[in-house]
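Descriptive analysis of the structure
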Amino acid sequence: MKYGPEHPEQTYVAHAFEERIFDTGEVLLNHAVAGTPDAPALLLIPGQTESWWGYEKAMGLLQEHFQVFAVDLRGQGRSSRTPGRYTLDNMGNDLARFIALGIKRPVVVSGLSSGGVLSAWLSAYGPPGMIRGCLYEDPPLFASEVNTSCGQSIRQTIGPMFALWSKYLGDQWSIGDWQGIQAAAPRELPAWMAAFVGSAAEPPQNLKEYDPEWARAFWTGTVAASCDHARMLASVKVPVLLTHHFRRVDEKAGYLMGALSDVQAQRVCELVSAAGQKIDYQSFPTMGHSMHGQDPELYTRTLVTWAATLPNPV
């Protein structure tokens, strides 16, 4: 079976918040809004395979403090698919246009995982006055590069899973062989990673809404070909909060089981500090990858407390 915008009945389900479309001029960005315009603006950027509704529980709490804008990135959820154009620079510019023309005021940004890398992109490359501060929630900085300058690369982290999705699902779900993934996982993945595939008859909802060409872009390195992580972090221009969650290194195989290692997190802090920006580092070693999904109350408290320290928008 195939999924995506061309197969909406098989793909999408209803959610608690109304979904809206914003036209950037190149792509249609699906998003949801919670809260009122008199509150500070907050942009939420989901991780890879996560649509905006991964934040749904947290949005109910966050709307008491912010006007919340949660987006589907290009190639995820109900947003446009753009074959051959999944890069950090393209997705970062999508978000900059959305802020400038859709939100129309300075924002606090919070991104999970690959969304955390895009939060870093906005902290470095967002136009002056656009970004108040950025939360990087367990981001694979360095760890999602093929040729990285620090620690494990994507080939030593979750990359083999991306290669599997790309091979058996195909760009835009053009193959859609879910059973093929399940059969191949024990052969093509490290044992700890294969366990995550499971035996369900259908893929999980978040994967149905995901263009597997994203996975190929990360596995091959094209996603970051024009966006070196070290150079990006050395260009950060706003305050940052880095939350670092579950991580463990398989010393024998060299695999990093997590988004980024302690060494990589330290390097992030060094580069942001050297750029002249304040970075707060908070470690949650027993927390799952998504704090907002596992403990939305803790995520909300952490974000609200940190955002209160940010300078007011000009």
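The following refers to the structure shown.

Definitions and cut-offs
Residues numbered from 1 in each chain as written. Predicted model: local features only at pLDDT ≥ 70, side-chain atom pairs only at ≥ 80, totals over all residues. Heavy atoms only, no water. Core = buried A, V, L, I, M, F, W, Y, C linked by side-chain atoms within 4.5 Å. Buried < 20%, exposed > 50% of the residue type's maximum accessible area, 1.4 Å probe, protein only. Helix = DSSP H or I, 4+ residues; strand = E, 2+ residues; numbered from the N terminus. Contact = heavy atoms within 4.5 Å. Pairing = 2+ DSSP bridges. Axes fitted to C-alpha atoms, helices over the stretch in contact; angles between N-to-C directions. Expected span 1.5 Å × (residues − 1). Arc of directions from axis to C-beta.

What follows concerns the nonpolar core. Within the largest apolar cluster, 75 residues are counted, with the highest numbers of intra-cluster contacts made by Leu43, Leu122, Tyr136, Leu233 and Val268. Among the elements that make up this core, the one with the highest residue count is helix α3 (residues 88-103) (seven residues). In contact with Leu233, not counting residues within four places along its chain, are Ala120, Tyr136, Leu141, Phe142, Val268, Leu271, Val272 and Ala275. Counting 27 residues, the second largest nonpolar core, distinct from the first, contains Ala58, Leu112, Phe284 and Trp306.

Here we take up the environment of Gln266. Relative to the helices and strands, Gln266 resides in helix α11 (residues 262-274). As for Gln266 and Tyr281, which are separated by 15 residues in sequence, their C-alpha atoms are 9.1 Å apart.

With that settled, consider the sheet that holds strand β5 (residues 107-112). One open sheet holds the eight strands; their spatial order is β1-β2-β4-β3-β5-β6-β7-β10, and the pairing between them is mixed. The open sheet has two edge strands, β1 (19-23) and β10 (279-283), and neither has a second partner. The sheet shows a mean angle of 20° between the axes of neighbouring strands, taken without regard to direction. Alignment of strand β7 (residues 240-244) against β10, held across five bridges, turns out to be parallel. Bridging from a neighbouring strand, Val240 pairs with Ile279 of β10.

A few words now on α11. Compared with an ideal rise of 1.5 Å per residue, which puts 13 residues at 18 Å, α11 spans 18 Å between its outermost C-alpha atoms and is within 8% of the ideal. Listing the buried residues of α11 in full gives Gln264, Ala265, Val268, Cys269, Leu271 and Val272. One side of α11 carries all its buried residues, which in axial view fall inside an arc of 170°. Projecting away from the buried face of α11 at angles above 90 degrees are the exposed residues Val263 and Ala274. For α11, the elements touching its buried residues are β6 (131-137), α10 (229-233), β7, β9 (255-258) and β10. A positive backbone phi angle near 90° is found at Gly276, which sits one or two residues after α11.

Bringing the side chain of His229 into the picture now. Locating His229 in the fold gives a position in helix α10. Setting aside residues up to four positions removed in sequence, His229 forms contacts with Leu88, Val117, Pro140, Leu141, Phe142, Ser144, Glu145 and Ala224.

Below, the discussion takes up the side chain of Asn30. The topology assignment puts Asn30 in strand β2 (residues 28-34). Setting aside chain neighbours within four positions, we find Asn30 in contact with Glu19, Arg20, Ile21, Trp52, Ala70, Val71, Asp72, Arg78 and Ser79.

Within the fold, Glu26 resides in the loop between β1 and β2. On a C-alpha basis, the gap between Glu26 and Asn90 in space is 9.9 Å, while along the polypeptide they are 64 residues apart. Look past the residues within four positions of Glu26 in its chain and what remains in contact with it is Arg74, Arg85, Asp94 and Arg97.

Here we take up the pairing of β7. The buried fraction of β7 amounts to five of the five residues, a majority that puts the element mostly inside the structure. Burial of β7 is two-sided: the residues Val240, Leu242 and His244 facing one way and the residues Leu241 and Thr243 facing the other way are all buried. Pairing analysis gives four bridges linking β6 to β7, with the strands arranged parallel. By the bridge assignment, Tyr136 is partnered in β7 with Leu242.

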